[in-house]
Amino acid sequence: MDNLDSLVAGATADFAAAADPASLEDAKARYLGKSGRITELMKSLAALPPEQKREAGAKINAAKQGIEAALNARRQALADAQLAARLASEAIDVTLPGRARGAGVIHPVMRSWMRIEEIFASIGFDVGDGPEIETDWYNFSALNNPENHPARSMQDTFYVDMKDADGRLLCLRTHTSPMQVRYARAHVAKHAAQVASGDMPEIRVIVPGRTYRVDSDATHSPMFHQFEGLWIGRDVSFADLKSVYTAFLHAFFERDDIVVRFRPSYFPFTEPSAEVDMMFEDGPLKGRWLEIAGSGQVHPTVVRNYGLDPEQYVGFAFGSGLERLTMLRYGVEDLRLFFEGDLRFLEQFR
Ligand code: PHE
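For clarity, every value in this text was computed on a predicted model and none was experimentally measured.

Caption draft 1: Highlighting the nonpolar core. In terms of nonpolar packing, the biggest core is built from 39 residues, with Phe227, Tyr245 and Phe248 touching the most fellow members. With seven residues, the top contributor of residues to this core is helix 9 (residues 238–253). Among all residues touching tyrosine 245, those that are not within four sequence positions of it are Phe227, Phe262, Val276, Ile292, Ala293, Phe318 and Ser320. One finds Val188, Phe267, Val302 and Tyr313 within the second-largest nonpolar core, a separate group that totals 24 residues.

As structure tokens, this is what we get:
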């Protein structure tokens with residue numbers, strides 16, 4: 001019975017070596033199971049003479065209790081370790097800052113879009129909107145840009161594999177100018193009686209929107225934005241164009257030190273035509289002429305395509321690039337930044 005102490009020590013060591021509950025139960029079976037060491041010792045008591053039975057039985061019982069105590073201690077230790085591991089793996093650092101949903105910012109080009117609508121609304125302009133997929137007639141022919149005319153090559157575009165009623169491929173509009181014709185025709189239809197009697201309410205509209213050309217570099221993107229302006233009435237002159245566009249620039253840039261010049265140019269849909277150039281009198285771009293719009297008095301053929309008599313109705317149109325104005329307003333040097341979706345760039349407009 002001397003080896004009972006080492007039996008308890010052996011069991012304790014075995015339990016300590018069990019790294020998980022399953023191996024601990026295996027180890028337990030080797031001592032306390034049906035044919036475990038303690039169980040076998042208990043059975044062997046039967047063979048002892050009655051006077052030794054009592055003493056031997058007590059010793060075996062003590063050993064059994066020692067083993068059970070070691071077992072329970074190890075069980076508890078394993079359960080504690082398991083719980084500690086779980087707590088550690090599921091730990092939440094409540095002191096970390098929360099993941100709030102980021103508040104978006106309005107894209108700088110959209111900001112210009114909204115500003116432009118506001119400025120023109122304040123001087124009585126309506127805001128128009130129309131299709132980006134356009135027919136050949138509205139994008140070119142109605143604007144006095146006949147088929148095979150060399151002026152068409154000024155605007156190479158993307159075509160859509162689908163034909164219009166004239167059997168011509170649809171295209172992505174190359175400018176917002178087709179909206180002159182769409183808006184004017186709707187206006188004329190709406191005021192047909194007054195058009196006939198010669199006192200149609202004036203057409204005054206601004207049309208911001210997406211436009212497309214086969215172009216891609218630091219100052220051109222295949223998709224870009226323009227806004228068209230159109231003012232048609234009985235006596236709307238080139239002088240009105242100059243004052244409206246110049247006033248717009250001062251309002252848009254919120255500064256007075258802007259010089260504007262109208263440089264003779266050519267567009268099939270205006271006559272006379274002019275490029276609008278502007279120059280800041282101060283700041284980093286001081287003294288540089290910057291081209292910002294095409295403009296002119298609407299060509300009689302186009303007025304006729306509005307459904308109006310060019311002898312009675314005249315006026316001007318202009319078209320500007322939204323990205324260009326936005327770049328100048330915020331000092332952005334590469335137009336591609338507007339379309340890359342880089343938050344580091346966009347967040348600067350918060
Ligand atoms: N549509 C012309 C362009 O995209 C600009 C323009 C608009 C010129 C209206 C004159 C009148 O280049």
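Caption draft 2: Spotlight on the packing of helix 5 (residues 108–121) against helix 9. Their axes nearest at 10 Å, the elements helix 5 and helix 9 cross at an angle of 130°. As the angle between them shows, helix 5 and helix 9 are arranged oblique. Between helix 5 and helix 9 the crossing geometry is right-handed. Contacts between helix 5 and helix 9 involve Ser112, Arg115, Ile116, Ile119 and Phe120 from the first element and Val244, Phe248, Ala251 and Phe252 from the second.

Caption draft 3: Summary view of the environment of serine 295. Relative to the elements of secondary structure, serine 295 occurs in strand 9 (residues 290–298). A relative accessible area of 2% means that serine 295 is categorised as buried. Along the backbone, serine 295 and aspartate 166 are 129 residues apart, and their C-alpha atoms lie at a distance of 29 Å.

Caption draft 4: Region of the structure containing a nonpolar patch on the surface. Together, Ile106, Met110 and Met114 line one region of the surface with nonpolar side chains, adding up to about 240 Å² of accessible area. Considering the arrangement of structural elements, one finds methionine 114 in helix 5. Accessibility expressed as a relative area gives 37% for methionine 114, which makes it partly exposed.

Caption draft 5: Representation of unusual backbone geometry in the model. A cis geometry characterises the amide bond from glutamate 271 onward to proline 272, with omega recorded as 0°. Within the secondary structure, proline 272 is located in strand 8 (residues 270–280). Within the chain, asparagine 144 stands out as a residue other than glycine whose phi angle is a positive 65°. Mapped onto the elements of the fold, asparagine 144 is located in the loop between helix 6 (136–139) and strand 3 (159–163). On the basis of relative accessibility, which here comes to 21%, the residue asparagine 144 falls in the partly exposed class. Residue glutamate 254 is not a glycine yet carries a positive backbone phi of 55°. Inspection of the secondary structure assignment puts glutamate 254 in the loop between helix 9 and strand 7 (258–267).

Rules of the game
- Residues numbered from 1 in each chain as written.
- Predicted model: local features only at pLDDT ≥ 70, side-chain atom pairs only at ≥ 80, totals over all residues.
- Heavy atoms only, no water.
- Core = buried A, V, L, I, M, F, W, Y, C linked by side-chain atoms within 4.5 Å.
- Buried < 20%, exposed > 50% of the residue type's maximum accessible area, 1.4 Å probe, protein only.
- Helix = DSSP H or I, 4+ residues; strand = E, 2+ residues; numbered from the N terminus.
- Contact = heavy atoms within 4.5 Å.
- Axes fitted to C-alpha atoms, helices over the stretch in contact; angles between N-to-C directions.
- Parallel < 35°, antiparallel > 145°, perpendicular 65-115°, else oblique.
- Left-handed = near helix turned anticlockwise from the far one by under 90°.
- Patch = residues over 30% accessible without salt bridge, like charges linked within 9 Å, V, L, I, M, F, W, Y side chains within 5 Å.
- Areas by Shrake-Rupley, 256 points an atom, 1.4 Å probe, with all protein chains shown as cover.
- Salt bridge = Lys/Arg side-chain N within 4 Å of Asp/Glu carboxyl O.

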